[in-house]
Amino acid sequence: MHYLTITWNPSEGIDLGFFMIRYYSLMFVVAFSLGWILTKKIYEREGQPQEMLDKLFIYMVVATLLGARLGHVIFYQPELFVQDPISVFLPISTVPEFEFTGFQGLASHGAAIAYVIAMLYYSKKVIKKPFFWVMDRIVIAVAAGGTFVRIGNFMNSEIIGKPSGDFPLGVRFVHEAIRPSQAIQATGIQDPAKAYDAIVHNPQFSELLNSVPFRHPAQLYEAAGYIIVFLVCWYLYWKTERRKQIGYIFGVFLILLFMVRFIVEFVKESQGGFESFLGVFSTGQWLSIPFIIAGIYIMWSASKKSPKPINEGS
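The model shown is predicted, which means the values in this text are computed figures rather than measured ones.

*Asks:* I'd like a rundown of the overall build of the chain, residues and numbers included.
*Replies:* Regarding its fold elements, the chain presents 14 helices and 7 strands. In summary, the chain has a C-alpha radius of gyration of 21 Å against a globular reference of 20 Å for 314 residues, a match within 12%. For the chain, the spread of C-alpha atoms along the principal axes amounts to about 70 × 40 × 40 Å. Looking at the 314 residues of the chain, the share that counts as buried comes to 48%. Partitioning the intrachain contacts of the chain with sequence separation of at least 6 by distance along the chain shows that 70% fall at a separation of at least 24. Only carbon and sulfur atoms are counted for the fraction: they give 66% of the accessible area of the chain, which is about 16200 Å². The positive charge centre, built from 26 side chains, and the negative charge centre, built from 23, are 15 Å apart in the chain.

This is the structure we're talking about:
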């Protein structure tokens, strides 16, 4: 075991006594709040009224939650439409028994498609600006928000990586490998949180703990990659004239973000989907390729055009 490896045994969230604020939900709140702040600065620079920002925020929230959830079900768990249709749209599971699951099973590719559809309507019917003008400006917030969503995945011990062997940054995801019912049965402790603590800290259960492999923290790799995407897009908008080449920043965003996703997939555990039919790549990688190709074309097309003057606010 390398000294940098960790055993990950997080709490469910912040317990207020009467209500539990789950970390995953909290990360979404942080993501949307940060996105609103970043985009507000951009809209102020562009001289856009607050009303346009408020409407954009609503479209973004709905597109994120609805698109990401439908994307996950369509690409990875289509059987849910028949087996448990209520769970497709609500943060609950009814099969095999009723359970509040929170917002789990969200696919970034589904969110990306939903963004495009929502922003097509927003650009044409609401703000009345070119579609790529809108996308150039929201991708900065999207990249920043994606970072916190992946941190939320890490807190939830989901979307885990493959076994890391002797890799020094391996993480042992106790909650993913040992279900709550298994922890309770193994320890005889009825409180799942206390049962997990016993498995991690009590030498009596060292054999069970050692059966949990160290894995790549794929969520954190992806979050780190999204930080780079955010910084590049932020720099292009605020420090260069690229924002005047409509579509350029959006193209760069597509290339970088889905390249990050494509690369991280190599160390990420399979999430299922149609990869068994196509082979070679994972479902996430196959879904990333069209976005990368589209990004290259959009960036190339934008770079060939002369920068258009933009009326900015003070």
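*Asks:* Explain helix 5 (residues 108–126) to me, using residue names and the numbers behind them.
*Replies:* The terminal C-alpha atoms of helix 5, which comprises 19 residues, lie 25 Å apart, in line with the 27 Å expected from a rise of 1.5 Å per residue. Of the residues making up helix 5, those classed as buried are His109, Gly110, Ala111, Ala112, Ala114, Tyr115, Ala118, Met119, Tyr122, Ser123 and Val126. Buried positions along helix 5 lie against helix 1 (23–46), helix 2 (50–75), helix 6 (131–155), helix 12 (248–264) and helix 14 (283–303). Two residues or fewer after helix 5 comes Lys128, characterised by a positive phi angle close to 55 degrees.

*Asks:* Please provide a residue-by-residue account of the sheet that holds strand 6 (residues 171–173), values included.
*Replies:* One open sheet holds the 3 strands; their spatial order is 1-6-7, and the pairing between them is mixed. If you trace the sheet from one side to the other, it starts and ends with strand 1 (6–8) and strand 7 (214–215), each paired once. Relative to strand 7, strand 6 is paired through 2 bridges, and the arrangement is antiparallel. Note on strand 7: the bridge partner recorded for Arg172 is Phe214.

*Asks:* With reference to specific residues and values, describe the pattern of salt bridges.
*Replies:* Under the definition given, this model contains 11 salt bridges. In this structure, the salt-bridge partner of Glu222 is Arg150, at a minimum N-O distance of 3.1 Å. Pair noted here: Glu222 is in helix 11 (residues 218–239) and Arg150 is in helix 6, with a separation of 72 residues, a long-range link. Just as Glu222 is buried, Arg150 falls in that class too.

Calculation notes
- Residues numbered from 1 in each chain as written.
- Predicted model: local features only at pLDDT ≥ 70, side-chain atom pairs only at ≥ 80, totals over all residues.
- Heavy atoms only, no water.
- Helix = DSSP H or I, 4+ residues; strand = E, 2+ residues; numbered from the N terminus.
- Rg over C-alpha atoms; globule rule 2.2 N^0.38 Å.
- Buried < 20%, exposed > 50% of the residue type's maximum accessible area, 1.4 Å probe, protein only.
- Contact = heavy atoms within 4.5 Å.
- Areas by Shrake-Rupley, 256 points an atom, 1.4 Å probe, with all protein chains shown as cover.
- Lys, Arg positive; Asp, Glu negative; His and termini not counted.
- Charge placed at Lys NZ, Arg CZ, Asp CG, Glu CD.
- Expected span 1.5 Å × (residues − 1).
- Pairing = 2+ DSSP bridges.
- Salt bridge = Lys/Arg side-chain N within 4 Å of Asp/Glu carboxyl O.

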